[in-house]
Amino acid sequence: MNSPSKVELSAALKASLPSRLLFILHKAGEFCQERRARLFIAGGWVRDLLLDRPGHDIDLVVEGDGLSLAGELARQTGAQITSHGRFQTARLVFEQFTLDIATSRREAYPHPGSLPSVEPAPIEKDLLRRDFTINAMAIAVSGDDFGKLIDPLEGRRDLEEGLVRILHPESFRDDATRIFRTVRYEQRFNFTIEPATLKQLKDDKSYLATISPDRLRYEFECIFNEHAPEKALGRSGELSVLGEVLPELSFQPEQYRWFEAARLYSSPEPPPAAVCFGLLSYHLEKQAAKSLGRRLNLPNETCQVITDALTLKAGLDRLEGAELQPSAVYHLLSGFHLLSVVTCLATESRPAVRRQLERYLDELRHVRPLLDGNDLKLAGVAEGPAIRQVLQAIQDARLDGKAVTLQDEIELVKSLLARRF
Ligand code: ATP
């Protein structure tokens, strides 16, 4: 199999980048060339270029001082910059894209699951610290080497054969988040996990216990950002990887449908992460769902969505009654977090219940009286809880079609006052 030539790669690279980004890359190349430092694009962007799936954000790697390159580019372009001195990395945020810049480095893991210690090193060494062969490629973008593919681990061959392969047997023990990353790439690209990698993954999945809650949550969020997260979640369930996060956690056949339904409902945006966590936990008992919240250090609001969805799930039968007034539907649902209602809708197959949930989300929750508290005070309603009660009565009348115009609302207030409200 022939590797693409420098000329071919350089042409593909130029064709796939917007002109503004090419201009910035050019500036970066010149800056490095002047300092005799080699500059590369590395990682996912290279993988996606070779797969002919451009669109990925760019990661630049400098054999030299990445932070001073980032500072200079920010100065020349006005981009916003965030730097991490400890890791020698920086992010430049432009209007249309972001650019991550790192110093080429090697890493050592003091113990499993810890963050690595780092020191400067040539690009070939930098690529050796990465997760998979398909992510361990770089393209030179400075000097005469412009367009040259650096592929010390035959990542391109694995790309062609559709294989996700770790770089060494200790990879998952060094960093067990790679277990989720393996499954995510396998499912995203419809690849296969290379047999030795698969065996290692099964042997080492208990190392997920070494991963901090925040890092673990981030892996779930990355999965939720995939086009079809249910594929990676299903595969993680099949490989008992989810069970390592929480023994009760699994992925059931109907959950594929739930994630698809949530996607349809939120389209064109992807479903919010809180809904995805709600769907993932919908089979759990409340106690187990709380344990999951702690294990992943989920934000309070996400925990609220999960518990509300589980409470609501237990009471959804009540929405089946055909003669249920809209105001009754409103009162059944309005105390729950909106995203928990969305979560329940994605799981629900009974048409009558679906109809009520949809009606609540699309219509009922927006209904508001025309009169406000000040109007009621002027009309003679006593200050205090009475105002809220009268407003609720007007809202209920609107929901149920008994008050349509402003005059209807005024008549209703009069009749309530006449009853010495
Ligand atoms: P995606 O398309 O999912 O964004 P990506 O390849 O850009 O994929 P990032 O998470 O942005 O993934 O990471 C950028 C690069 O950093 C990867 O391509 C990989 O080379 C390396 N990398 C990321 N996470 C790890 C990890 N846990 N261990 C080793 N290398 C990693």
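Structure shown above.
Attention in this report is confined to the structure presented alongside it. (Residues numbered from 1 in each chain as written. Predicted model: local features only at pLDDT ≥ 70, side-chain atom pairs only at ≥ 80, totals over all residues. Heavy atoms only, no water.)

### Brief notes about the site of the ligand
If you check the shell around the ligand, you find 16 residues, and the closest are H56, D175, R178, Y185 and R188. Between the ligand and G44 there is a distance of 3.2 Å, counted from an oxygen atom to a backbone nitrogen or oxygen. The protein chains hide 76% of the 590 Å² of surface that the ligand would expose on its own. Listing elements by their share of the shell around the ligand, those giving two or more residues are α3 (44–50) and α8 (177–189). Considering each element in turn, the shell around the ligand owes the most residues, six residues, to α8. When grouped by side-chain class, the residues that make up the shell around the ligand number one nonpolar, five polar and ten charged. (Near = heavy atom within 4 Å. Polar contact = N/O pair within 3.5 Å; in protein donor to acceptor, adjacent residues only side chain to side chain. Areas by Shrake-Rupley, 256 points an atom, 1.4 Å probe, with all protein chains shown as cover. Helix = DSSP H or I, 4+ residues; strand = E, 2+ residues; numbered from the N terminus. Nonpolar A, V, L, I, M, F, W, Y, C, P; charged D, E, K, R; others polar.)

### So, the side chain of D308
Here D308 is to be found in helix α16 (residues 300–315). Here D308 is in contact with G335, F336, H337 and S340, once residues within four sequence places are set aside. (Contact = heavy atoms within 4.5 Å.)

### Quick word on the pattern of salt bridges
On inspection of all chains with the given rule, the structure shows 32 salt bridges. The salt bridge partner of R129 is D126, with a shortest N-O separation of 3.3 Å. By relative accessible area, D126 is classed as buried at 0%. Salt-bridge contacts for R398 lead to E409; the nearest nitrogen and oxygen are separated by 2.5 Å. You can see R398 sitting in helix α21 (residues 385–399) and its partner E409 sitting in helix α22 (residues 406–418), a full eleven residues away along the chain. Each member of the pair R398 and E409 is classed as buried. Each of E154, R157, D158, R165 and E194 takes part in one network of salt bridges that share partners. (Salt bridge = Lys/Arg side-chain N within 4 Å of Asp/Glu carboxyl O. Buried < 20%, exposed > 50% of the residue type's maximum accessible area, 1.4 Å probe, protein only.)

### Structural notes on the sheet that holds strand β3 (residues 80–84)
Reading across from one edge, β3-β4-β5-β2-β1-β8-β9 is the order of the seven strands in this open sheet, with mixed pairing throughout. Edge strands, defined here as strands with exactly one partner in the open sheet, are β3 and β9 (149–150). Pairing analysis gives three bridges linking strand β1 (residues 39–42) to strand β2 (residues 58–62), with the strands arranged antiparallel. The residue bridging I41 from the neighbouring strand is L60, located in β2. (Pairing = 2+ DSSP bridges.)

### Focus: the pairing of strand β4 (residues 89–93)
As defined by bridge partners, β3 adjoins β4 across five bridges and the pair is classed as antiparallel. Along β4, the bridge assignment pairs Q80 with V93. Here β3 hands over to β4 after four residues, with Q88 in that stretch at a positive phi of 55°. In terms of strand pairing, β4 meets strand β5 (residues 98–103) through five bridges, oriented antiparallel. Of the residues in β5, the one forming a bridge with A90 is I101.

No statement about biological role is implied by the geometric values presented.
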